[in-house]
Amino acid sequence: MYAEAVLAKRPFVSSDSSLVVEDITKSASQLRGFDDHERIILGRDDERGLTAIIAIHNTTLGRALGGTRIWMHDNFDSAVTDALRLSRGMTFKAAIAGLPLGGGKAVIRANPKSDKTPQLLDAYAEMLAHVQDTYITAEDVGMTLADADYLRERTANVAGTTIGGSGNPSSFTAEGVFLGVKAALKHKTGSDDLTGRRIAIQGLGSVGWSLAEKLSKAGAKLVVADINEARCVEAKEAFGAEIVSTDTILFTEVDVLAPCALGGVLSHKTIPDLKAGIVAGSANNQLLRHEDAAALKERGILYAPDYVINAGGLMNVAAEVEPDGYDKAKVIAKIAQIPTTLGSIFQQAETDNQPTNEIALAMAKARIEKG
Ligand code: NAD
């Protein structure tokens, strides 16, 4: 009902474009996932096949930066909810990483394999131009470096491009996750040596694959699953990885589970059956609900909060909008701080007997309050 009401409205129509852009903040505030977001924008272009949501969560610390996810959500509400949750995560990710940025994220409701036409991206570039003072986008699931470059040719508020930018942020994200896995092992076992450690990777996309390369090089034994079976076969050939089904990857007997696909994988349904002692991966919003972290804690599973461990890509794209210009050495140095931040979160969580995500959230909120 909500979706129909929103989609039926057409308050802003540019005279020379089929794109319709409107502010849906008020109606989106009814949805699960809304958390005092500053602004939610809907862009629709029926001629060019675009339905996109840009969610600006909080710009206290600076312009909102966050990628665009291209995914065929089951319905419009779940696409908006995804944008709401992802953008909120970006606010805390930027804050805890010490970046002068706010949180935002976009979702294009489309199948990235079959619907992503140049016309759709043209319409989306027009929509991005509407919010260029508030929001900068980059890659996310379904949006490639080539797509980011295409958009950047049409509007300035795109980072993570090869056009005056630093390229795909995924390998930087993977580096942060790699260091985060080691920090978690160190905290839990006293050693960060990866030799012979069994690590399950759910999703062998841009980040998952790069993480697999790093872990394998460091001596870990990999267990992998991806809905793209060819990718698993490649991982078996490249790293001697054991392939398991997408239904069982979460429940395999491993030292570390690294969710690197979509969010919501840690819930009351999955947590009781997890066999890993550590959960540390790149996926955004791994917890279905914030409270689910308490169940992980009760089971003695150490959880590396997603927006802390996966901040490497954001640190890299953020460097593109630095006044002094992009400096890769500075980015690497910043990513090297991720394990230190995680270490203090793990320590504080233990001292306070709190779930790790509560400590991370308190740290991020304190930074935002300081402004
Ligand atoms: P991607 O689209 O390149 O890869 C996602 C992979 O997951 C694909 O190979 C896909 O086939 C697979 N997948 C989807 N559903 C699956 C399932 N049920 N089981 C197993 N595999 C499944 O995306 P990415 O850029 O590698 O990002 C992965 C995750 O990390 C996302 O949650 C993203 O939001 C998050 N993240 C990415 C970055 C980045 O720099 N790319 C930064 C921060 C967070």
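Residues numbered from 1 in each chain as written. Predicted model: local features only at pLDDT ≥ 70, side-chain atom pairs only at ≥ 80, totals over all residues. Heavy atoms only, no water.

Within the protein one finds 14 helices and 13 strands. For 371 residues, the compact-globule estimate of 2.2 N^0.38 gives 21 Å, and the C-alpha radius of gyration of the protein, at 20 Å, lies within 12% of that figure. Viewed in the frame of its principal axes, the protein has a C-alpha envelope of about 65 × 45 × 45 Å. Within the span of the protein, comprising 371 residues, buried residues form 54% of the whole. Put simply, 64% of the contacts in the protein that link residues at least 6 apart link residues at least 24 apart. Carbon and sulfur atoms make up 49% of the accessible area of the protein, which totals about 15600 Å². A distance of 4 Å separates the average location of the 39 positive side-chain charges in the protein from that of its 47 negative side-chain charges. (Helix = DSSP H or I, 4+ residues; strand = E, 2+ residues; numbered from the N terminus. Rg over C-alpha atoms; globule rule 2.2 N^0.38 Å. Buried < 20%, exposed > 50% of the residue type's maximum accessible area, 1.4 Å probe, protein only. Contact = heavy atoms within 4.5 Å. Areas by Shrake-Rupley, 256 points an atom, 1.4 Å probe, with all protein chains shown as cover. Lys, Arg positive; Asp, Glu negative; His and termini not counted. Charge placed at Lys NZ, Arg CZ, Asp CG, Glu CD.)

The next subject is the site of the ligand. What surrounds the ligand is a group of 24 residues, the closest being R69, T173, D226, A261 and N284. S206 has a polar backbone atom sitting 2.9 Å from an oxygen atom of the ligand. If the ligand stood free it would expose 830 Å²; the protein chains cover 84% of that surface. Secondary structure elements with two or more residues in the shell around the ligand: helix 6 (170-189) and helix 7 (206-217). (Near = heavy atom within 4 Å. Polar contact = N/O pair within 3.5 Å; in protein donor to acceptor, adjacent residues only side chain to side chain.)

The strand order across the open sheet formed by 6 strands is 10-9-8-11-12-13, and the pairing between neighbours is parallel. Edge positions in the sheet fall to strand 10 (242-243) and strand 13 (302-303), since each of these pairs with one other strand and no more. One ladder, built from 4 bridges, connects strand 8 (residues 198-202) with strand 11 (residues 256-259); its direction is parallel. Counterpart to Q202 in the pairing with strand 11 is P259. Along the sheet, helix 8 (residues 229-239) contacts strand 9 (221-225) and strand 10; its crossing angle with strand 9, the most-contacted strand, is approximately 170°. (Pairing = 2+ DSSP bridges. Axes fitted to C-alpha atoms, helices over the stretch in contact; angles between N-to-C directions.)

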